[in-house]
Amino acid sequence: MTEPGAWSSSSDERDVKAARLVALTAEIAPAPVDLASWERVVSASRRTRDWRLVPAFAAAVLSGVLLVLWLKPVTKTVEVAAPEAPVLVASANASWAQQPSGVVRLEAGRLSVQRATAGRVVLETPHATLEASRSRFLAEVTAGGTTLVVQEGEVLLRAKDVTRVVKAGETLVWPPTPSIPEPLSQVAATTPVCDAVVGDRLECLRLEAKGDGLLAQAALYELGVLELKQGNRADALAAWTTSVSRFPAGVLHPEVRLALLVELTKERRFTEALSVAREFERVCADDPRLGDVQALRHSLER
Amino acid sequence: MAMESELSPAEAVRRLYVAHAAELRLGAARLAGRDLDPDDLLQEVFMVALRKPADVLTADSPKAWLYGVAVKVAASRRRTAKVRRFFGLDDVAEVASPESPTRTMEQRDASKRVEQVLSKLSDKKREVLVLFELQGLPGEEIAAALQIPLKTVWTRLFHARKEFAAELARLEVIEQRTSGVTEERRHD
């Protein structure tokens, strides 16, 4: 852009008016300046900083800081009572110990936390880890697993890759009993033994079992079935164990082994059940129920 | 400048003071506004010159250099005054007019109106308009003072004139309305 022309030569009336006003103002001469004022300029420019103000400034800053600190609300240290330690009560036969870290290790038997305090309890068993605070609970460790009964609050159970929250009033057994495949629970049909006995069939079967041969094998199997029906699982297991040891390759040995496997599993005697399952897989490799046994074994191993 | 080089820097600046003080005082007052003390502004401009004598004395146009400082001082004072007004600390003291007492009544009224309109312009336009139209500085010196290209000076001047004229017209309309005097009544 080049220099604009004279403002007053504009064709716009407003411009002309404004230019006239500005020109009138521009014609005003400046008021003379007293040249003596130069001395004031010189003295003002020589004026240096007054260093005496530095300590005064520092003192003012310090006072300000002290005032702020003085006015600052004082935070009182509140004594927080340490959480009351939980009361642990172990049964007479319990095997347990408290580690330096505070973790309680329960190997066998029963241990109960009897006071719901804020103190955190960590209880390790061979099967899981239990964590709780402000809770009352009971833990029992057997060969079959850990039984947890929560009376108040809640308990966190951690196993290999599982975490469960057990609340007051709930009971949990860990590891859980694996589901038993249906084909393994079926009772096999055997040679009729003591079927015609009107009186004590149990006694008849016991007598027959003392014999030898096919009848004795059938009697031992039936004896276990009958004992189980009557609620005597231990006697049933004893009869079948005897059968396996006396007739390991008998006619009914697959049925006897399966019955043992199922009942030991139900009894939560997982170690023995595993042993029976492995033995079955070894000696009954052609059995059509082999796949079900393997599935159950996998569940038990988990 | 050859003569000035033989003088001490302070004496050279003093001569600039003698030569331009009155004009700069008026210019600084027009840039800063009527409420600020023109003597203070002038003093501050020459204090800067005394601190930097080499800069002012070796400048192509010492006058333009001094006007450049005056522009910055005025802008700074205007900002400070604005803040003080915001906090209610503004105490307007009676200040001596930088204009000649021999001015006519018409010139005085015109000056007041110009000041009123200038206060509505932005700093950049106000600076160029004051320096060119009121202080009579050539474009090259304004460019040197404001440290901007010459073309920018002309562009700003063009827009400043337009805004000034529009603002003046607007003020007159407002005054007519508030005074109750209209063109029609005048005709009556």
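Structure: above.
Residues numbered from 1 in each chain as written. Chains lettered and ligands numbered in written order. Predicted model: local features only at pLDDT ≥ 70, side-chain atom pairs only at ≥ 80, totals over all residues. Heavy atoms only, no water.

Draft legend 1. Up close: the interface of chain A and chain B. Of the residues lining the interface, 32 residues belong to chain A; the matching set on chain B comes to 44 residues. Taking both sides of the interface into account, the surface hidden between chain A and chain B amounts to around 3300 Å²; carbon and sulfur atoms contribute 73%. The largest share of the area that chain A buries against chain B comes from M1, I28 and W38 of chain A, three residues that together contribute 22% of it. At the junction of chain A and chain B, the tally comes to two salt bridges. In this structure, K162 of chain B and D15 of chain A form a salt bridge, with 3.1 Å as the shortest nitrogen-oxygen distance. In this structure, the connection of chain A to chain B is made through seven residue pairs in polar contact (both at pLDDT 80 or more). Of all the secondary structure elements, the ones that give two or more residues to the side of chain A that touches chain B are α1 (13–26) and α2 (37–46) of chain A. The element contributing the most residues to the side of chain A that touches chain B is α1 of chain A, with nine residues. (Contact = heavy atoms within 4.5 Å. Buried area = accessible area lost by both parts, 1.4 Å probe. Salt bridge = Lys/Arg side-chain N within 4 Å of Asp/Glu carboxyl O. Polar contact = N/O pair within 3.5 Å; in protein donor to acceptor, adjacent residues only side chain to side chain. Helix = DSSP H or I, 4+ residues; strand = E, 2+ residues; numbered from the N terminus.)

Draft legend 2. Structural detail: the packing of helix α3 (residues 38–51) of chain B against helix α5 (residues 62–86) of chain B. All names here are of chain B. Direction vectors running N to C along α3 and α5 enclose 125°, while the axes themselves pass 9 Å from each other. The pairing of α3 with α5 is recorded here as oblique in orientation. The way α3 lies across α5 gives a crossing that is right-handed. When α3 is examined against α5, the residues D40, L41, E44, V45, F46, V48 and A49 are found in contact with a partner set consisting of W65, L66, V69, A70, V73, A74 and R77. For the contact of α3 with α5, the residue count by class is 11 nonpolar, no polar and three charged. (Axes fitted to C-alpha atoms, helices over the stretch in contact; angles between N-to-C directions. Parallel < 35°, antiparallel > 145°, perpendicular 65-115°, else oblique. Left-handed = near helix turned anticlockwise from the far one by under 90°. Nonpolar A, V, L, I, M, F, W, Y, C, P; charged D, E, K, R; others polar.)

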